[in-house]
Each structure stands twice: as C-alpha cells, then as structure tokens.
Amino acid sequence: MGSLPDPGELTELTRPSFDEFQRQTSLMTGCTLLWKELSDHFTSLEQNLQKKSEALRRKIRTLDHETKASLDYLKKREVTIDGSVEIVLDRVEEHKEAALKSLGTDHESFNPDGEVDDSDGMMVLKAFCLKMDSKGFWKFLITKKKELDTLRSQVPVALAECVDPPRFVLEAMSEVFPVDRRADKSSDTGNDLGWACVVVLESLIPVMVDPVIGKSRLLVTPSVKERAKKIADAWKASLEERGGIENVKTPDVHTFLQHLVTFGIVKNEDLDFYRKLVVGSAWRKQMPKLAVSLGLGDQMPEMIKELIGRGQQLDAVHFTYEVGLVDKFPAVPLLKAYLRDAKKAAASIVEDPNNASRAVHLAARKEQSALRAVIKCIEEYKLEAEFPPENLKKRLEQLEKAKTEKKKPAAVPANKRTRASSGGPMPPAKAGRLTNAYVSSFPAPPTFVRSPSHAQYPAGIPTYPSPPAIYGNRSPPSSPYAYSPEAAPPPYAAAPIGYPAYGGYGNGLAPAYQQAYYR
C-alpha cells in the first residue's frame, strides 16, 4: 500500500495548456453573448408590455368618453321626446285645420294637366299634400320631369304640409314601387319613373327630421316603418323575376337604396347585398353618398379596387373623394387610365367589321364622351394643376369639328343624269341598269346655261373655249363653269367660285365634274 505524499514536500506544478485557455475564453464569450441576448429580449418584452398597457389605457379612456357621450345623448333623446312629440302634434293639428279649410276651397283653377309657373306649381303641390291626395300628387309630379331642379326645392316644402308625410309618400309611390302595377307603361310620362321616386324619397328626409335634435332622429311612426320594411322585402323578393342583381335596372336600384336610407331600415346582415347593388350602379352620381349612408364606409377600399378592376376608374374617383381615400387612390392616374381604356375601346369599334358603316362615328362619340367626363371631373375636384385639361379640350374640339364636317352635304358630281332644269335631256331611268349600255348624261351639242342667280350676259361676252383634248370623245358638261375660268375672264364682278383642280389626269380617267356651281 503506497504512502500518501507529504504535504510539505514540494511537487512539480502542472503547466496550464494554451488550448485550455482558449476553451475557457470561448466559454466566457458565449456566456456574455447569451446574457446580452437574454437581456435585450427581456428589455424588448418589457417595452412591448408598456406600449400595450398604454394603448389599453388610451382605449379605456376613449371608451369611457364614448360611453359618457352616448349616455348623455340617450338622456338628451329621452328628455326631448316629449318636446318633439308636442311640436309634431301641434304641427299635425295645424295641418289638419288647413286641410279641412282646403276641402272647401276651389282649387280647380290650378289645372294639373296644364302649364303652370313655379308659384302655381308650388300651390298645386301644397294643395295635394294638404288634402293627403297622394294619387293626384303623383300624377302631377310625374309630368314635371323637365323641371327636376325646381321640384327638388318645392317638394320638401309641399310635403311639410302633409298630416303624415311618410305614409303619404309610400302611398304616392305604391303604383310603381316596389312593383310596377301600371296597366299602360307607354304613356307620355315614360316607362321609367324611378326619378320621381328618388325625388320624393330625398325630399322626405328633411321633413321627418326631429325638430329638437336634428337628423339623428327621424320622426316615423312604428306602423309606417314596418310598412316600409315590408316594401323593401317585397322588392328584394322580386329580384328573381327581374333577372337577378345583374339585370335589375339602375333606377330601380337607386329607388330601393334611397328607400332604405330614408326610412332608416338598413340591415347589417344585408350589407354584402347592398354592396353588389352599389357597385353595379356605381355610375350614378348619388351612389357614393348612398354607400356611406348604408354603412359601407369600411368596405370602400375594396369597392374602389373592384371598380378599378372593372374599368370604371371615373366612378372610382368619385368614391375616393366621398370617403377621403385620395391619398391611397390618386385621381390623376385613374383618369389617365380611363382615357387610355376609352381610346382602346374606340379603336376596337373602328376595327369591328360587323359595324363598318357607323364604326368611325361610334368610335368618335365614345372618345368624346370620355373626354367630356374627364374634363368635368378635373374641374369638379380642382385638378387643373396636376392634370391640365387644355390638351383634352383641343382633342375634343378636333373631334367635334370632324363630326361637323362629315355632316356637310357632299357635292353631287356633274356627270350624273342631268336634271330637266339644267337644259339637258333626262335619260330613261332604267337605261343605267342595262348591261354594256351607254347613255350620255349630257346633251349632244354643248349648251351653255346662264346661272339663274346672275344677271343676263351682255352681247359682247366671248364664248368659252373648247375643252382640253384629254376629254376624248366624252360629251362636255352642260355647265360652262366646269372649264377653267382662266380661259375667259368674267366680265362682271361676282363672288369667286371654287373650281376643282386639274389633277390626277395621268391615269387616263376622266375627271369627276362637280355640279354644285350654281350657288
């Protein structure tokens, strides 16, 4: 058994190796990096928690503020109900008395079927509203489509005279909305009466506004509101008979959506349905505002993208300005894209072989329509600095000038059959139909005819020289003005007459004589 070493005995120390030193150094470096990484991670977590905590505190403060405002608003609505009802009842009583008085008044002096000025028209509308004569009101209204701007100002004033304006409006439109029940739709008033429905529904909103708290509360009785809901459901159910959303007429869509907004019967579960209707009729001027009123404001970015994808950039511009998304969807690039698409469409019309006769006219008209729409949009939204309209206006003037020139009557060639009034014989009508038959359109001897618009020639007027030899054996035209005027100067002062240039004779063909010389 070996003996233990003596502690006091000196032993040889082991020399530390360099590899061990490097290992220890690497270990310390790794620990330091790991500690720093963990420290940064926890610091980041702490900062995120602080930010989220602050965001939650802000939301709580906002919710507290909104809750307080909502409670105050509800309290105000509750307090003002009695006052609003009292005001409305007083108004109804006044209208009732006025209606009773109007029953004994002779209003036949105002002929609804005749011509009336603005003041008389207002009195007629008020008379119908006082009597709650919805049929007479509607019959008078639909004959005034040409006075639409006047109606928009008169109808709200007239509806205010009704005892029950919402019920009056529903009864007035019942003939055509939700379903057109007219037996004769080809009357003088036209087949489409959606414009009249929209005017009446828009005019009803200011009449139903609460007199105390304003637009936030519309004064509609529960029975009338329930009736309005049934009408909306009936219109929606009739879509299948109309051919679905894709085939429904835009005036009908506009009337339906305005009906929902006017009576406040929008359903959240039908928002997708409303969106399809709005996008399908987006070219209507009122659609952006209706979309916001229907609660589609949050879906506007997707709707604008959909319009752009469908080539309706101009409609997309109106929607962007309505909801304030101009920064996300700049207007100028959209307008330029709209013009490019219009030019492509015009070019495709010109290349269409199935419509060659009117292709140029239709293409020009399409481009003109696009130019006018873009110019109007630039002026409406003050985009002249970003998109100067001068070049667009010049192009529009060129198209209109070309259209005007095409409408001018073309000159009839003189080598057609000579009319009896020109002094030459008229060949048989069927002569031109014979094969290889030649009938001269001119008299055998050249007869010189004086212009009926000029005075008689003096006796000393020299005769016109013979025509050039290039005419060959063809008979000369009966009109002496077909020859060059330089051969014999006119002896009288007269307005210069335009003569066709002697050009293109090198091909051996006879020139086409113009017969429009007698002005």
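The structure under discussion appears in the preceding block.
Residues numbered from 1 in each chain as written. Predicted model: local features only at pLDDT ≥ 70, side-chain atom pairs only at ≥ 80, totals over all residues. Heavy atoms only, no water.

1. Details of the overall build of the protein chain
Here is the rule: Only DSSP runs of H or I with at least four residues qualify as helices, and only runs of E with at least two residues qualify as strands; both kinds are numbered from the N terminus onward. Working rule for contacts: check all heavy atoms of both residues, and any pair within 4.5 Å makes them a contact. Under the convention used here, a 1.4 Å probe and the Shrake-Rupley method define accessible areas, while residue burial counts only the protein chains that appear.
Along the protein chain, the regular secondary structure elements total 16 helices and two strands. Within the protein chain, contacts between residues separated by at least 24 positions form 67% of all contacts whose residues are at least 6 apart in sequence. Carbon and sulfur atoms make up 55% of the accessible area of the protein chain, which amounts to about 34,000 Å² in all.

2. Focus on helix H14 (residues 331-350)
Helical geometry: 3.6 residues make up each α-helical turn, so side chains three or four residues apart lie on a common side. How we decide: Expected helix span is computed as 1.5 Å times (number of residues minus one). Burial status follows relative accessibility: with a 1.4 Å probe on protein chains alone, a residue under 20% of its type maximum counts as buried, one over 50% as exposed, and anything between as partly exposed.
Between the first and last C-alpha of H14 there are 29 Å, a value that for 20 residues agrees with the 28 Å anticipated at 1.5 Å per step. All buried positions along H14 are accounted for by Ala 331, Val 332, Leu 334, Leu 335, Ala 337, Tyr 338, Leu 339, Ala 342 and Ala 346.

3. What to know about the nonpolar core
Which entries qualify depends on this criterion: The set of buried Ala, Val, Leu, Ile, Met, Phe, Trp, Tyr and Cys residues whose side-chain atoms join them within 4.5 Å is what this entry labels a nonpolar core.
In this structure, Phe 137, Trp 138, Leu 159, Phe 256, Leu 257 and Phe 319 are the most contacted members of the largest nonpolar core, which totals 88 residues. Per-element tally for this core: the top contributor is helix H6 (residues 194-208), with nine residues. Excluding residues that lie within four positions of it along the chain, Leu 159 makes contacts with Cys 129, Phe 137, Pro 165, Phe 168, Val 169, Val 200, Ser 203, Leu 204 and Val 207.

4. Let's talk about the environment of Ala 346
Along the chain, Ala 346 turns up in helix H14. As for Ala 346 and Ala 359, which are separated by 13 residues in sequence, their C-alpha atoms are 8.7 Å apart. When residues no more than four places from it in sequence are discounted, the contact partners of Ala 346 are Ala 363 and Lys 366.

5. Structural notes on a negative patch on the surface
Here is the rule: Two joining distances apply to patches: 9 Å for like charges and 5 Å for nonpolar side chains (Val, Leu, Ile, Met, Phe, Trp, Tyr), and every residue must have over 30% relative accessible area and no salt bridge. We count a salt bridge whenever a side-chain nitrogen from Lys or Arg sits within 4 Å of a carboxyl oxygen from Asp or Glu. A residue counts as positive if it is Lys or Arg and as negative if it is Asp or Glu; His and the chain ends are not included. Note that the charge is assigned to NZ on lysines, CZ on arginines, CG on aspartates and CD on glutamates.
Taken together, the side chains of Glu 78, Asp 82, Glu 86, Asp 90, Glu 93, Glu 94 and Glu 97 make up a negatively charged region of the molecular surface. Relative to the elements of secondary structure, Glu 86 occurs in helix H1 (residues 18-103).

6. Some thoughts on unusual backbone geometry
Leave glycine aside and you will find that most residues have negative phi; peptide bonds, for their part, are mostly trans. Cis geometry marks the peptide bond from Phe 177 to Pro 178, where omega comes out at 10°. Mapped onto the fold, Pro 178 is located in the loop between helix H5 (165-173) and H6. Phi at Lys 382 is positive, roughly 55°, even though this residue is not glycine. Mapping Lys 382 onto the fold places it in the loop between helix H15 (359-380) and helix H16 (390-407). Judged by its relative accessible area of 64%, Lys 382 is exposed.

7. Some points on the environment of Asp 298
Mapped onto the elements of the fold, Asp 298 is located in the loop between helix H11 (287-293) and helix H12 (300-309). Here Asp 298 falls in the exposed class, since its relative accessible area comes to 73%. Along the chain, Asp 298 and Val 323 lie 25 residues apart, while their C-alpha atoms are 9.6 Å from each other.

8. Re the packing of aromatic side chains
For any pair of aromatic rings, geometry is given as the distance between the ring centres together with the angle between the planes. Using the following cut-off: The pairing test for Phe, Tyr and Trp rings, Trp by its six-membered ring, is centres within 6.5 Å, and the orientation test on the planes gives stacked under 30 degrees, edge-to-face over 60, and tilted for anything in between.
Within this structure, the stated rule accounts for six aromatic pairs. Taken together, a centroid distance of 4.2 Å and an interplanar angle of 10° make the contact between Trp 235 and Phe 256 stacked. Of this pair, Trp 235 sits in helix H7 (residues 222-237) while Phe 256 is found in helix H9 (residues 250-263), placing the two residues 21 residues apart along the sequence. Accessibility expressed as a relative area gives 0% for Trp 235, which makes it buried.

9. Considerations on H12
Operational definition: The reported arc concerns the directions from the helix axis to the C-beta atoms and nothing else.
Regarding H12, the residues found buried are Met 300, Pro 301, Met 303, Ile 304 and Leu 307. All buried residues of H12 lie within an arc of 165° about the axis, which places them on one face of the element. Considering only its buried residues, H12 is in contact with helix H10 (271-280), H11 and helix H13 (313-323).

10. Comments concerning the pairing of strand S2 (residues 214-218)
The criterion, for reference: Here, strands pair whenever DSSP counts at least two bridges between them.
Examined bridge by bridge, strand S1 (residues 209-210) and S2 share two bridges and lie antiparallel to one another. Each residue of the ladder has a partner; that of Val 209, found in S2, is Leu 218. Linking S1 back to S2 in an antiparallel pair, the connection comprises three residues.

11. Brief notes about the packing of helix H3 (residues 134-141) against H5
Put simply, the rule reads: Only the stretch in contact is used when fitting a helix axis, every axis being a line fitted to C-alpha atoms; angles between N-to-C directions are given from 0 to 180 degrees. Comment on the angle field: the value is read as roughly parallel under 35 degrees, roughly antiparallel over 145, roughly perpendicular from 65 to 115, and oblique elsewhere. Crossing handedness follows the turn of the near helix against the far one: under a right angle anticlockwise gives a left-handed crossing, and clockwise gives a right-handed one. Any residue that is not Ala, Val, Leu, Ile, Met, Phe, Trp, Tyr, Cys, Pro, Asp, Glu, Lys or Arg is counted as polar, Gly included; the first ten are nonpolar and the last four charged.
Two numbers describe how H3 lies on H5: the axes approach to 8 Å, and their chain directions differ by 60°. Taken together, the axis directions place H3 and H5 in an arrangement best described as oblique. Crossing of H3 against H5: the hand is right-handed. Along the contact surface, H3 presents Ser 134, Phe 137 and Trp 138, while H5 presents Phe 168, Glu 171, Ala 172 and Met 173. Looking at the contact of H3 with H5 residue by residue, the class counts come to five nonpolar, one polar and one charged.

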